[in-house]
Structure formats: structure tokens, C-alpha cells
Amino acid sequence: MRRSTIDVTVAVGFLAVAIGLLVARANPATAYEPSVYVGTPTITWAGFALALAIAVGTTLVCRGRQQGVGIGLGTLTVTAIVSLPLVRNYRFAGMGDALTHLGLTRDIVTGATQPHELFYPGLHAIAAVFHYLAGVPIERGLLIGMVVLFVPFVVFVPLVVRGMGASGVAVGLAAIVSWMVLPVNNIATHMAVHTNSNALFLVPAVLFAIVAYLRRRATVERLPLDVSPFSVLILLTGFVLLVVHPQQMVNVVVFIGAVSGVQYLARRRFDDHPMLEHPTTYAHTIALGALFGLWALGNERFRQAVAGLVTGLLSQDIGGSSTVNQRGTSLTEIGGSLTELFVKMFLDMAIIALVVGVFILLVWLRRTSLDDEPRSFVNYVSLALFPLTGMFFVYFLGTPTMAFRQIGFIYVFLTILAGIAFARLVGGLSSTITRPGANAVVALVLSACLVLGLLTVFTSPLIYNPSQHVTDEMMSGYEDALDHGNESVPYAGMGYDPYRYAHGLNGVAGGTNTVGGASAATGTVNASLFSAGNYTGAYPSDEYYFVYTEWDRTKEIDIYRELNYDRAALEGLDTEPDANKVISNDEFTMYTVNGTPTNSTPATATA
């Protein structure tokens, strides 16, 4: 294909992204959207699809500058998709932890808390900077921060593969796999204001610094005291990762420690090996480990997390298997299945893991023609997966949520290795069929995975989990409720505890995880009693406020198909003598209920 034709084609792709963004911006969300995919105009998705098709083709076929432009087009498109809540003027995106992060940022802005007083203030500080410099609301500053922290992932994944000495084909394929955003699994890692997930996207920047240190011979560029500039880069990127979320810093320390171990064994066993040409990472392992230790060991929250993990390991009734069984039963009751959910959420991840696993095995058996330099880096990463996977099993037995966070980190490495693995696959297929045929086969597989990955990067009814879109009406409803409610009366929700909104609206400093005495453990009504119409006995208090939003109603009634709460029970509140509606708008409703003390335990079961 002629260069001018490629340039025009790529220009069309950039134009399609621009049109898609303009159309999305011109059609902001005016009410709660269960799915950002359905709420976004079709023209926007058509533009993004065209741009991604051009980006995939250009990235696979072209080399040099033209491949770089194709990668840039794909990176821009995926970033635009990730930015849709921001572009379409969502008030906020994310509930649970996200609302607490909103409250922490509000504390920093109001001066109630200093950034260094938080365990991981990175995202909050970024949002505060945007709030001060650009004058944007704090909620919007956090959404901008989410996008800012995402960009290093799609930028540095191909750069890491290039730094490992892999071919241009591998670089392009790694970029395409990065567009699938595999670290997000929507179980414990999310595309939202969620610092642990946001930190995942910074990991490739740290890996790039490590690869640059190992491969580039810094002689002329030496800093004073004969310090390599790449060593400084490792420490700087590691510190940034630490302040965004320390758990991912732990994983990086384990990785670089594994690299140090491999280097030590290589020096003991071999007299001539490419790894012997690499500078050692012993000092960096100690430095990053010490940095984490100084930051975390004196923090109360870190000690509580460790204690929770130990308690989970020692308890027989805590573990990932029980969680999976519970979810499987709930899905069956609402007409779904774990198999269906696995295909939607994990099929693309399973395909990538299979290809990478076979590739690693072939490398270990020396059945590939991979050059010595990239082979060494593949061995570094693949051997480091052993301790990282071991950590996954520990988490799985102790705290299942942490286990799925660990999967997200592992998939950062699998994304990088996938570029080299698919490049070898293209080379192998080329010897059987033509090179264009091999490119076409791989392009079709990756395109299908790309579509599936981007369809699940946000929560939606497709995966039985509605969008966590927070609207103006939800915020104003909770604001009125918290401002005018009786402080001694607890607030109870329908499957969701209202105290998180208290964090987001009023901050966290000096407060507790309660609203009117209701906490995360007691902030919901008993689902079975409530659905039976026993409103007064559904909460163990003389009086309580029952609140629900359009998100609660959509999740429990439309998506969970009244698994926990009946539609008739919600409608019956309007005719219940002991219930009075006190606040209501299109997205928020609150009742006062004159309850009767019971021995029932509020249920928090969800599908």
C-alpha cells in the first residue's frame, strides 16, 4: 500500500475519533444510565469502531513512523472510550470506595486533611490540582485523574516490549492487546475512581524504567556519584506508584526481587549468558522494599489489611470458593450462569493467557527462534510470575477480593508478553500460510478479543452489574436527606449502605463509617422481611430512614429480577401507614419508617 494512501486512511481514523467525541459531548447524560454503551450515541460508537479497525490494520501491516501513528490512533481511541463518563458530563462515576475517595479529596481541598496524612494520596492530589488550577468540581477532577492515570498503560506497554528488544511486529501486537484493558475484571478492578485499579495502569511505566536500566548502557549519561539515570527513574516511578496504591508497589518489589534472584542464579551457573551483560538489580530491590516499608509499616490501615488477610487464612468459612458458589447460585436464580458470565468477562483473558502460556513453554524448551536479548526478558517476566501467582493463591484463600486484584496485576505482565507471543505466532503461521494470511488470522482473533474486552471495560447489564453512574439528582437527594434528617435516626438502603454518600458529600475527616448509627454492616434493611411487606420489622430500630436511588432500583428490580427485593414492596411503601415519603426526585426517594425493634439481622445479599 502506498504511503500516501496509508496517511489518508489514518487521517480518516483520527477524524472519526474527533467526530465521535464531539457527538458524545453534544449528547450528555441527562438521567441515570444503566449502561454507558447504550447511553452513548450510535454515531460515536461507529466512529470509534472505524478508528480501531484502521488502527489495528495499520499497526499490524506498517512499520516505523506509520506503525507509530497507527498505535497513536488506537491509543487515542481507547482513551476516548475510557473517558466517556467525563466526556458525557457524568456528575461522578463509581460508588462504594469511589465516593470515599471523593470525600478524602474534599478533605484535602477544604484543608481538613493534608495529602501526606493519607496512605495513598496520589489520585486525590491529582484531582485537587485540577480543582485548584482549572476550577473544575472535585468530582470532575477525580474523573480527569482517572483518565490521566490510565494513559501510561497504553503508552508504555508497547514501549516496554520495544525496550525488551522485540521486533516491530511484537511492539504493534502488544499495543493492540493493551487496548483490550485486560487488567480490569470488574470484580475487584474497575474502570472508575478506584485507586488500586488506577495504580495498575502505572505499572508499565515502572517496568519501562527497569527494562531501560537493564538494557541501556548509561555511560555518558551518568549522574553524580556514578548513579545511572535509569536507577533514579526506577525510584521515581516506584514512588509515584506507591502513593497511588501501595499494593501494586508490593507486586513491583516482588517482581524486581525475582529479577534479582534470576540474575544471582545466572551468575552462579553460567559463564556466558546474555543475562550476565545486564547490570544487577539488587540495590533497586532493597531500595524499593525499604521505600515501601518506611511508607507502609507505620500505617494503621496497612496493619489492619494484613490482619484481615491472616484472619481470612485461618478461618474456614472465608475464601474464594464460597464466594464463587454464592455468585453462581444467584446468577442461576436470575436466569444467568457462571459459564455465560465467564465468556463475557474472561474469554479474552483466557485466550491471551493460553497463547502466552504456550509461548513461555516453547521458550523454556528452546523451541522458538527468539533472539537472546528478548529471551532473557521473557525469562525474567515468566519466572517472576511464580511468586506473583503464589500471592494470588494466598489472597484467594484469605481475601478473595485481593485475589482478583492480583489477577489484574498479573495481566499487566501477560499483556506485555502477549505482544511477543503473538509475533511468534504470526511467524509460525507465515511458514504454513502466506504472511498476509497470518496477519489476517491474528487480526481477526485480536479484533474479536478487542471488542469483547472493550464491551466489559465498564460495568453494564451485560454482566449483570449496572453502571455506577452518580447523577446530580442522586447527590442532591442525599444532600437534602443528610442535611435535614435527624442525626439519631439511622439511614438504611436497599442493598447499598448510604454512608458512602455521606463521605462523598461531607468528607471523611473526623467522621465515622456510619450515618445515624447505621454502618456498612447495618446499613441495609432485611430483604426478606422488607419484600414481605414487614417494613416496620425490616430494620432493628424504633425509626429509620429508608432510601433508594434509581441505581438501586435498576440493580435490584430490573437486573437482579427481584431476587432480593420485590417491586411490589417498593410500591407498597406509598400506602403503608407507618411509612412517609419525605424526599423524592427522579433519581432519589426517602421514607421515614416507624420500625419495631426485632432480632433480625439486616441482609446485604446481592447477586
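My aim in this report is to walk through the structure given alongside it, one point at a time.

### Some thoughts on the pairing of strand 8 (residues 588-593)
In step 1: The buried count for strand 8 comes to 6 of 6 residues, which makes it a mostly enclosed element.
In step 2: Taking every second residue as pointing to the same face, both faces of strand 8 are buried, with Phe-588, Met-590 and Thr-592 on one and Thr-589, Tyr-591 and Val-593 on the other.
In step 3: Pairing geometry for strand 6 (residues 544-549) and strand 8, over 6 bridges, is antiparallel. Looking at strand 8, one finds that Val-547 is bridged to Met-590.
In step 4: Here strand 7 (residues 579-584) hands over to strand 8 after 3 residues, the two strands then running antiparallel side by side.

### Looking at the sheet that holds strand 3 (residues 491-492)
In step 1: Strand order in this open sheet of 4 strands is 3-6-8-7, and the pairing throughout is mixed. On the outer flanks of this sheet lie strand 3 and strand 7, each paired with one strand and no other.
In step 2: Across the sheet, helix 21 (residues 472-484) is in contact with strand 3, strand 6, strand 7 and strand 8; its angle to strand 8 comes to roughly 25 degrees.

### Overview of the pairing of strand 6
Looking along a regular strand, one sees the side chains alternate between the two faces of the sheet.
In step 1: Along strand 6, 6 of the 6 residues are buried, which leaves the element largely enclosed by surrounding structure.
In step 2: Burial along strand 6 is two-sided: Tyr-544, Phe-546 and Tyr-548 and Tyr-545, Val-547 and Thr-549, pointing in opposite directions, are all buried.

### Concerning helix 9 (residues 168-178)
Along an α-helix, residues three or four positions apart point the same way, because every turn accommodates 3.6 residues.
In step 1: The element helix 9 is largely enclosed, with a buried count of 10 among its 11 residues.
In step 2: Of the positions making up helix 9, those classed as buried are Val-169, Ala-170, Val-171, Gly-172, Leu-173, Ala-174, Ala-175, Ile-176, Val-177 and Ser-178.

### A short note on the packing of helix 8 (residues 138-163) against helix 9
In step 1: Viewed as axis vectors pointing N to C, helix 8 and helix 9 meet at an angle of 155 degrees, and their least axial separation amounts to 8 Å. Judged on the interaxial angle alone, helix 9 and helix 8 are roughly antiparallel. Crossing of helix 8 against helix 9: the hand is right-handed. For the pair formed by helix 8 and helix 9, the contact residues are Phe-153, Val-154, Val-157, Pro-158, Val-161 and Arg-162 on the first element and Ala-170, Val-171, Ala-174, Ala-175 and Ser-178 on the second.
In step 2: Residue classes in the contact of helix 8 with helix 9 are distributed as 9 nonpolar, 1 polar and 1 charged.

### Comments concerning the environment of Val-160
In step 1: Mapped onto the secondary structure, Val-160 falls in helix 8.
In step 2: Taking the C-alpha atoms as reference points, Val-160 and Ile-416, 256 residues apart in sequence, are found 7.4 Å from one another.
In step 3: Not counting residues up to four positions away in its chain, the partners in contact with Val-160 are Pro-204, Leu-207, Phe-208, Val-211 and Ile-416.

### Thoughts on a nonpolar patch on the surface
In step 1: Where nonpolar side chains cluster on the molecular surface, the patch consists of Leu-361, Trp-364, Leu-365, Leu-383 and Phe-386 and spans about 510 Å² of accessible area.
In step 2: The topology assignment puts Trp-364 in helix 17 (residues 338-364).
In step 3: For Trp-364, a relative accessible area of 40% translates into the label partly exposed.

Rules used in this analysis
Residues numbered from 1 in each chain as written. Predicted model: local features only at pLDDT ≥ 70, side-chain atom pairs only at ≥ 80, totals over all residues. Heavy atoms only, no water. Buried < 20%, exposed > 50% of the residue type's maximum accessible area, 1.4 Å probe, protein only. Helix = DSSP H or I, 4+ residues; strand = E, 2+ residues; numbered from the N terminus. Pairing = 2+ DSSP bridges. Contact = heavy atoms within 4.5 Å. Axes fitted to C-alpha atoms, helices over the stretch in contact; angles between N-to-C directions. Parallel < 35°, antiparallel > 145°, perpendicular 65-115°, else oblique. Left-handed = near helix turned anticlockwise from the far one by under 90°. Nonpolar A, V, L, I, M, F, W, Y, C, P; charged D, E, K, R; others polar. Patch = residues over 30% accessible without salt bridge, like charges linked within 9 Å, V, L, I, M, F, W, Y side chains within 5 Å. Areas by Shrake-Rupley, 256 points an atom, 1.4 Å probe, with all protein chains shown as cover. Salt bridge = Lys/Arg side-chain N within 4 Å of Asp/Glu carboxyl O.

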